[in-house]
Amino acid sequence: MTPTGAKPWPKMTSREEFQFIAELVMACSTADHTQVTLHDQDGGTARFANNQMIQNVNMRRGAVAVTAAFGARQGTASTTDFTAGALRETVKRAEAIARLSPEDPEYLPPAGPQVYNPGPTAREETLAAGPAVRLEYANEAIGQCRMENLSAAGVVSSSRASVGVAAGTGLLAFEERTEARFSITVQAGDATGWASSAHRSIDRLKVQERTLSAIHKATLGVEPQELPPGRYRVILEPAAVAGLWSWIIWTLDAKSYLKNTSPFAGKLNELILDAGLSLENCPGHADLLGVGFTAEGLPSAASRWIHRGVLRQLAYDRFTAQAQQVATIPTIEAPRLSLEGAAASSLAQLVKSAGRAILVTNFWYLRTVNPADLTLTGMTRDGTFLVENGEIVSAVKNFRFHESPLRAFQRIEAWTAPMEAVTSETGKMLVPAVVLPEFHFSSVTRF
Amino acid sequence: MPTPSWQDFADLALKRIASSGAEYGDIRLVHSTAQSIRGEDRRIASIRDTDDVGFGVRVLYRGGWGFAASSILSLEEVPRVADLAIEIAKGSASIAIEHVALAREPVHRDRVVTPVRIDPFTVPLGQKADLLLATMDALQAQSGVVRSAAELWARRDRKLFASTEGTRVEFDLVASSGDCTATALSDGRFASRSFNTPPLRRGYELIEEAEFLKQAPRVAREAVEKVQAPAVDAGAYDLVLDPEHLSLTMHESCGHPSELDRALGYEANYAGTSFLTTDKLGTFRYGSTHVTLVADNTEPETLAATGYDDDGVACQKWDIVREGIFTGYCTNREVAPKIGAARSRGSNRADSWGSVPIVRIANIGLEPGQATVEQLIADVRRGIYIEGHGSYSIDQRRYNFQFGGDAFWLIENGKRTHMLRDVIYHGITPEFWNRCDGVADRSHRQRYGFITCGKGQPGQSGWMTHAASHARFRNIQVIRGEGRA
């Protein structure tokens, strides 16, 4: 790596400094309960398009938020100024809001001391990475595309953060987190291919491998044929699966469930999907972006949400959890979706076994059409192909779909082991590529 | 030693940039204060007061961009961040093939202030909370309504923009908005109906004029009527779209494709490109002759009317589509010269001090026509009248779209009859706008807009207003947004 010569950034907030901030806040607070949260981040993005840099940015932003409560009246104020005077002023603002607020019947004091399982949330190589490292990776991806006479657009980003939560109850959580992301769209004429990655380690982004994958997709995508809309067998690559499953995860909240405004209403402990499917949270997994604790300072823990197709868990806020006597609130920031039984050894193997199907690289602009049954819409993007007799025979023009993942994943014909999946609209997950017997494409676009 | 002023910090950064040999540089110092009060199910769920201060330095060095930003505003941090922006720009320049050249812009010295009648930050918090609680009570007083939500939001941005070219502009901008939603349950189905003010550069008078307590009973009644309404039968319908609904249709199918950075491939990896490629400028029939879409960043109270953009370019008014023909893009100083334009349209905006400015949709609006809404509806045999925003999705070139809405009424033989549910329409952008055969007159014009328009990597939230009168579109494909229909 070539150093830029730029001076090093100021040190990020340490655990000791966060404790000092928290003690200062507690000392000047007159509230019944006070909670302080820290998010101090330094990071940047090298962004390229048409094979050259279009943006190259770095930002350091530190913020402290104080929540003060008098009885069940609460208020939150935040600041980006860490001086003692500004922190005292922030406490005053939070208290002023709390005094004027109506009582919240769902208010709960901050949690007490917790036990955390330290996870692999920070990597040295990402802590040390700056604009020069990001530029080098971006240039590597651009170079590969230039060699193929193709046009690349994408990003390499990296960040480090100090995150903390503390309260007068003795709650104290703090950890360093790092994150790096890479994504690339390769254009070959009118066709595009896409790939992405995310990891705690910037050196695990697999820039070369992902770029070659996007180049391959773009090259395969030329001269797409137009197929009529309808119901097709589909092979969904991991990014496409992650796009659909993100919506399942986002709609698992217990409050909506209890008020019958959830697509899962009445289905807890019932078979809702293919009996081989399981969804679990794996905060300690080295290839996921798990964290040690939530925004409220509650510990993350391994948990099972769907087991063999049966819905086993809901997402609780603290009030609803207490009302439902749920002692430990489960989290799902590091999801892993898997299927029991014999898995195909690779995506290529899955294609070989699929007969006639549409292969989908990724979905785009997914939105709810009907929240009651979780019918979604969205477009295929950056690599949609017709598979016949186990081979990709041509690219096809992008489809719009109109489908609920709760229907589509009722039966899964074939699958791989879970693989890394990151999309522009979701976090990182481990999910399999799957073959679904039927998927509803409702219209087709012009490319 | 006196406390340094923002002007002192700006001078410090700009001197370093000038002495580095960079051809251009600017600094934005921003102090944003925001307050959001969010109610849910007859309780105040959160009150949050945000105070966010920082600065961002942008440098163009031998045709390569660098940007660095920090929330630490000090005499040590400002030069360090300026130096980092210079170093990053040098890195970009080292691998550049095509070097950035900025369109020229006169030097401006100005101060821009949002005129407000009632400063939203001086209205007592208790008064705001009481309004939300009363609104939610009114929503849930309706039998069948099981959930309610209501929210008020306000933000003030004090900003100094200064460039190495000599432009210095101070800003003191305010924006406000409010909304409420009722969710009704019936026969195992649920549906929501909302009312919201447009987010505008106005004070608390916007909230007072909205009369939430008067609106709430109607919203609640319509939520129940909606959930109990028959589902639409799929097929071709004539659509009459209200201004709020049209704001989203225009935003997605006209606003985004008219961003020149998209058309040039800058957003290919995320937000996407545009079917409005540069070869179509001035010749492509985007819509029928009824369709004239004008970008106006000078209209008072609108979100993008900030006086100057984050390139320091004065806000302007220009045509995007004139009588159906595509005639103009939203541009900044970097991309404008790529289509031979001598000057930027002044549509380069960042969402905070920590974000680099990018091309943003202007305040694009549909020019009024001659009809009344009643006349538009009277000439429909089988159609649907749609209000508000619902589900929306569009492909990355902004061709294939699918939109829902917040409320739907069946039109039969020229009369608006009963409500429908689960209405979704889809189409191809230019085919859709070519089916527009009538726009209501100026008396029906209303403004709506967005403060959550996602674009860029890292992602930013853009702000813009879209005004329209009601418009009619013939023979549009409608599907049922549920089940396996």
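Residues numbered from 1 in each chain as written. Chains lettered and ligands numbered in written order. Predicted model: local features only at pLDDT ≥ 70, side-chain atom pairs only at ≥ 80, totals over all residues. Heavy atoms only, no water.

**Some details on the overall build of chain B**
Secondary structure assignment for chain B yields 9 helices and 24 strands. What you see for chain B is a C-alpha radius of gyration of 24 Å, in line with the 23 Å of a compact globule of 485 residues. Principal-axis analysis of the C-alpha atoms gives chain B an extent of 70 × 55 × 40 Å. Out of the 485 residues in chain B, the part that is buried amounts to 66%. Taking the intrachain contacts of chain B between residues at least 6 apart in sequence as the baseline, contacts between residues at least 24 apart amount to 74%. Roughly 16400 Å² of accessible area belongs to chain B as shown, and the carbon and sulfur atoms make up 47% of that amount. Computing the positive centroid from 57 side-chain charges and the negative centroid from 63, chain B places the two 2 Å apart. (Helix = DSSP H or I, 4+ residues; strand = E, 2+ residues; numbered from the N terminus. Rg over C-alpha atoms; globule rule 2.2 N^0.38 Å. Buried < 20%, exposed > 50% of the residue type's maximum accessible area, 1.4 Å probe, protein only. Contact = heavy atoms within 4.5 Å. Areas by Shrake-Rupley, 256 points an atom, 1.4 Å probe, with all protein chains shown as cover. Lys, Arg positive; Asp, Glu negative; His and termini not counted. Charge placed at Lys NZ, Arg CZ, Asp CG, Glu CD.)

**A short note on the overall build of chain A**
In terms of helices and strands, chain A carries 10 helices and 19 strands. The C-alpha radius of gyration computed for chain A amounts to 24 Å, which stays within 12% of the reference 22 Å derived for 447 residues, consistent with globular compactness. Considered along the principal axes of its C-alpha atoms, chain A spans approximately 70 × 60 × 35 Å. Across the 447 residues that make up chain A, the buried fraction comes to 60%. In chain A, once contacts between residues fewer than 6 apart in sequence are set aside, the share between residues at least 24 apart is 74%. Total accessible area on chain A is roughly 16700 Å²; 50% of this is exposed by carbon and sulfur atoms.

**Quick notes on the pattern of salt bridges**
Residues and elements named next belong to chain B. Under the counting rule described, the total for this entry stands at 68 salt bridges over all chains. The residue E170 makes a salt bridge to R111 at a minimum N-O spacing of 3.8 Å. Here the residue E170 occupies a position in strand 6 (residues 168–186), and R111 occupies one in strand 4 (residues 109–113), the gap between them amounting to 59 residues. Of the charged contacts in the structure, one is a salt bridge between R202 and E209, with a shortest N-O distance of 2.9 Å. Residue R202 is classed as buried on the basis of its relative accessible area, which comes to 13%. By relative accessible area, E209 is classed as partly exposed at 45%. (Salt bridge = Lys/Arg side-chain N within 4 Å of Asp/Glu carboxyl O.)

**Describing the interface of chain A and chain B**
Taken residue by residue, the interface counts 87 residues in chain A and 84 residues in chain B. Carbon and sulfur atoms make up 50% of the area that chain A and chain B hide from each other, which totals about 7000 Å². On the surface where chain A and chain B come into contact, there are 9 salt bridges. The salt bridge partner of D52 of chain B is R61 of chain A, with a shortest N-O separation of 3.3 Å. If you look at where chain A meets chain B, you find 42 residue pairs in polar contact (both at pLDDT 80 or more). (Buried area = accessible area lost by both parts, 1.4 Å probe. Polar contact = N/O pair within 3.5 Å; in protein donor to acceptor, adjacent residues only side chain to side chain.)

**What to know about the domain arrangement of chain B**
Residues and elements named next belong to chain B. Partitioning chain B into domains gives domain 1 (6–228) and domain 2 (235–480). Summarising the inter-unit geometry, the C-alpha centres of domain 1 and domain 2 are found 21 Å apart. Facing 51 residues of domain 1, the contacting portion of domain 2 comprises 46 residues. In this assembly, domain 1 packs against domain 2 so that about 3800 Å² is buried in total across both faces, 53% of it on carbon and sulfur atoms. A salt bridge links D310 to K159, with the shortest nitrogen-to-oxygen separation between them at 2.6 Å. (Domains from an automatic or database assignment.)

**Looking at helix 2 (residues 84–100) of chain A**
Over its 17 residues, helix 2 of chain A runs 25 Å from end to end, which matches the ideal 24 Å to within 8%, given 1.5 Å per residue. Among the residues of helix 2 of chain A, those classed as buried are A86, L87, T90, V91, R93, A94, E95, I97 and A98 of chain A. At its buried positions, helix 2 of chain A is contacted by helix 1 (15–28), strand 2 (52–70) and strand 3 (73–79) of chain A together with strand 2 (43–61) and helix 3 (125–140) of chain B. (Expected span 1.5 Å × (residues − 1).)

**Considerations on empty space enclosed by the protein**
One pass over the structure, following the stated rule, counts 8 cavities of 30 Å³ or more. For the largest cavity, the calculated volume is near 300 Å³. In terms of lining residues, the largest cavity is bounded by 25 residues, among which K159, R201, D310, A350 and D351 of chain B are the most central. For the lining of the largest cavity, the elements supplying multiple residues, two or more each, are strand 1 (24–40), strand 5 (145–163), strand 12 (348–349) and strand 23 (460–468) of chain B. The greatest single-element share of the lining of the largest cavity, amounting to 4 residues, is contributed by strand 23 of chain B. Both of domain 1 (6–228) and domain 2 (235–480) of chain B provide at least three residues apiece to the lining of the largest cavity. The volume enclosed by the second largest cavity comes to roughly 210 Å³. Lining of the second largest cavity is provided by 20 residues; of these, I54 and Q55 of chain A together with E334, P357 and I358 of chain B occupy positions nearest its centre. (1 Å grid on protein atoms, 1.4 Å probe; cavity = no way out; pocket = protein on both sides within 12 Å on 5 of 7 lines; lining within 4 Å. Points joined across faces, edges and corners; volume = space filled by probe spheres on them.)

**Details of the nonpolar core**
Residues Y286, L366, I384 and Y425 of chain B are the most contacted members of the largest nonpolar core, which totals 65 residues. What I384 of chain B contacts, discounting residues up to four positions off in sequence, is V232, Y237, D238, L239, V240, F408, W409, I411, L420, V423 and V478 of chain B. Ranked by size, the runner-up nonpolar core spans 62 residues in total, among them L171, I329, V396 and W415 of chain A. (Core = buried A, V, L, I, M, F, W, Y, C linked by side-chain atoms within 4.5 Å.)

**Some details on the side chain of R398 of chain B**
Note that R398 of chain B resides in the loop between strand 16 (392–394) and strand 17 (400–403). Polar contacts involving the side chain of R398 of chain B include one to the side chain of E252 of chain B, which spans 2.4 Å.

**Describing the domain arrangement of chain A**
All names here are of chain A. In terms of domain boundaries, chain A breaks down into domain 1 (15–213) and domain 2 (223–447). On the domain 2 side, the residues contacting the 37 residues of domain 1 number 32 residues. Summing the contributions of domain 1 and of domain 2, the shared interface buries around 2600 Å²; its carbon and sulfur component is 53%. Interface area lost by domain 1 to domain 2 is led by E106, L108 and W194, which between them contribute 24%. Our count for the domain 1 to domain 2 interface comes out at 3 salt bridges. With its nearest N and O atoms 3.1 Å apart, the salt bridge here joins D287 to R204. Of all the secondary-structure elements, those providing two or more residues to the side of domain 1 that touches domain 2 are strand 1 (33–49), strand 4 (151–167), strand 5 (172–188) and strand 6 (191–199). A per-class count over the side of domain 1 that touches domain 2 returns 15 nonpolar, 12 polar and 10 charged. (Nonpolar A, V, L, I, M, F, W, Y, C, P; charged D, E, K, R; others polar.)

**Focus: the sheet that holds strand 11 (residues 325–326) of chain B**
Residue and element names in this part refer to chain B. One open sheet holds the 4 strands; their spatial order is 11-10-9-14, and the pairing between them is antiparallel. Either end of the sheet is taken by a strand with one partner, and the two such strands are strand 11 and strand 14 (364–366). Here strand 10 (residues 317–322) runs beside strand 11; their pairing, made up of 2 bridges, is antiparallel. Of the residues in strand 11, the one forming a bridge with V321 is F326. This element, helix 6 (residues 243–255), spans strand 9 (293–296), strand 10 and strand 14 of the sheet and lies at about 120 degrees to strand 14. (Pairing = 2+ DSSP bridges. Axes fitted to C-alpha atoms, helices over the stretch in contact; angles between N-to-C directions.)

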